[in-house]
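# Structural overview for review
Chain residues, written in single-letter form:
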Amino acid sequence: MADFQISLDLATLTKTRTYTFFPVEWILYAVYLSEKIGYWRYILIHRHLRGIWCGCICSNQ
């Protein structure tokens with residue numbers, strides 16, 4: 001924070017800050033969606049790489 005000429009007192013910040021609490025269901029659903037999106041991303045990458053690899057094999061024969 002010194003780069004921005006800002007001092008930060010974490011002890012005061014944690015005492016005065018109001019916290020936002022989310023229902024547990026929202027957190028679980030967010031984690032579920034994140035896992036689903038991540039899984040599909042890996043599937044798409046795999047399909048893309050498999051297509052490139054199969055294209056190279058087929059064109060070399």
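In what follows, the structure referred to is the one given above.
The structure presented is a predicted model; accordingly, all values stated were derived computationally and were not measured.

Attention shifts here to the overall build of the protein chain. Of the regular secondary structure elements, the protein chain holds 2 helices and 0 strands. The buried share of the protein chain, reckoned over its 61 residues, is 3%. Looking at the protein chain as shown, the accessible area adds up to about 6300 Å², and 67% of this sits on carbon and sulfur atoms.

On the surface, F22, W26, I27 and V31 cluster together to form a nonpolar patch covering roughly 440 Å² of accessible area. The exposed category is assigned to W26, whose relative accessible area is 55%.

Next up on the list: the packing of aromatic side chains. Going through the model one piece at a time under the given rule, you end up with 3 aromatic pairs. With 6.3 Å between their ring centres and 75 degrees between their planes, Y39 and W40 make a pair best called edge-to-face. Lying over the aromatic face of Y42, R41 brings its terminal NZ or CZ to 4.9 Å of the ring centre.

With that settled, consider unusual backbone geometry. Positive phi, normally seen in glycine, also occurs at Q5, with a value near 55 degrees. Tracing the chain through its elements places Q5 in the segment before α1 (10-16). Looking at Q5, the relative accessible area reads 69%, which means it is exposed.

So, how was this worked out
Residues numbered from 1 in each chain as written. Predicted model: local features only at pLDDT ≥ 70, side-chain atom pairs only at ≥ 80, totals over all residues. Heavy atoms only, no water. Helix = DSSP H or I, 4+ residues; strand = E, 2+ residues; numbered from the N terminus. Buried < 20%, exposed > 50% of the residue type's maximum accessible area, 1.4 Å probe, protein only. Areas by Shrake-Rupley, 256 points an atom, 1.4 Å probe, with all protein chains shown as cover. Patch = residues over 30% accessible without salt bridge, like charges linked within 9 Å, V, L, I, M, F, W, Y side chains within 5 Å. Salt bridge = Lys/Arg side-chain N within 4 Å of Asp/Glu carboxyl O. Phe/Tyr/Trp six-rings, centres within 6.5 Å; stacked < 30°, edge-to-face > 60°. Lys NZ or Arg CZ within 6 Å of the ring centre and 35° of its normal.

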